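# Structural features, examined
Okay, here's what each chain looks like letter by letter:
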Amino acid sequence: TLTYDTSKIAILPIDTIRTCVFKAAAALRLTNQDLQRINHLLNDCINTHNVSQDTTKEFSEYIDLRRYKLQYIPFIDPKGNKKVFINSFCVSNGDDFDYWKRHLVEVDDGGSCFFHLTINLTRNKYGGLLTNGYA
């Protein structure tokens, strides 16, 4: 049995997603060890990102993970790498997305209240952190 905070994290299957990230991908079943590595790599990614952020700006890209809900979509890419696509949105918007535990939340704009990235568990790397733009 996986151990994680279901009030903040949802693990979604790839067949519910309509995005090019998952073309030719296979489903991946996560372990508790995988969840620990995801947490570690996610925190490393966000800490690295936050170092260069100016929090005095009106539209800061600073990310405080305590304010977010996370959606994990685990998969195996065509090269056999175990990966997890992480989609995230601010908790304050949680009421707007009551379906978040079943379907990927996708919006336009919203700035750093919405971000996503991919973690490669096979290589212990993260990449592709993107925040939404501002309208």
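Right above here is the structure, for reference.
Model, not experiment: these values are computed from the prediction. (Residues numbered from 1 in each chain as written. Predicted model: local features only at pLDDT ≥ 70, side-chain atom pairs only at ≥ 80, totals over all residues. Heavy atoms only, no water.)

### Brief notes about the side chain of Asn-120
Secondary-structure assignment places Asn-120 in strand 5 (residues 114-120). A distance of 2.9 Å separates a polar atom in the side chain of Asn-120 from the backbone nitrogen of Thr-122. If we skip the residues at most four places from it in the chain, Asn-120 touches Leu-41, Asn-81, Lys-82, Lys-83 and Lys-125. (Helix = DSSP H or I, 4+ residues; strand = E, 2+ residues; numbered from the N terminus. Polar contact = N/O pair within 3.5 Å; in protein donor to acceptor, adjacent residues only side chain to side chain. Contact = heavy atoms within 4.5 Å.)

### Looking at the packing of aromatic side chains
One pass over the structure, following the stated rule, counts four aromatic pairs. Judged by centre distance (5.1 Å) and plane angle (70°), the rings of Tyr-68 and Phe-115 are edge-to-face. With Tyr-68 in strand 3 (residues 68-76) and Phe-115 in strand 5, this residue pair connects regions lying 47 residues apart in the sequence. Both residues of the pair, Tyr-68 and Phe-115, count as buried. With 6.0 Å between their ring centres and 75° between their planes, Phe-89 and Trp-100 make a pair best called edge-to-face. Here the residue Phe-89 occupies a position in strand 4 (residues 82-90), and Trp-100 occupies one in the loop between strand 4 and strand 5, the gap between them amounting to 11 residues. On the basis of relative accessibility, which here comes to 6%, the residue Trp-100 falls in the buried class. Within the aromatic cluster, the residues linked to one another by ring pairs are Phe-22, Phe-75 and Phe-85. (Phe/Tyr/Trp six-rings, centres within 6.5 Å; stacked < 30°, edge-to-face > 60°. Buried < 20%, exposed > 50% of the residue type's maximum accessible area, 1.4 Å probe, protein only.)

### Focus: the pairing of strand 5
Regular strands place their side chains on alternate faces of the sheet. Here strand 5 lies mainly inside the structure; five of its seven residues are buried. Direction of pairing for strand 4 relative to strand 5: antiparallel, over a ladder of seven bridges. Bridge pairing in strand 5 links Ser-88 to Phe-115. The pairing of strand 5 with strand 6 (residues 125-131) spans five bridges and is antiparallel. When the bridges of strand 6 are listed, His-116 appears paired with Leu-130. In sequence, strand 5 turns back onto strand 6 through a hairpin of four residues, with Asn-124 there showing a positive phi of about 50°. (Pairing = 2+ DSSP bridges.)

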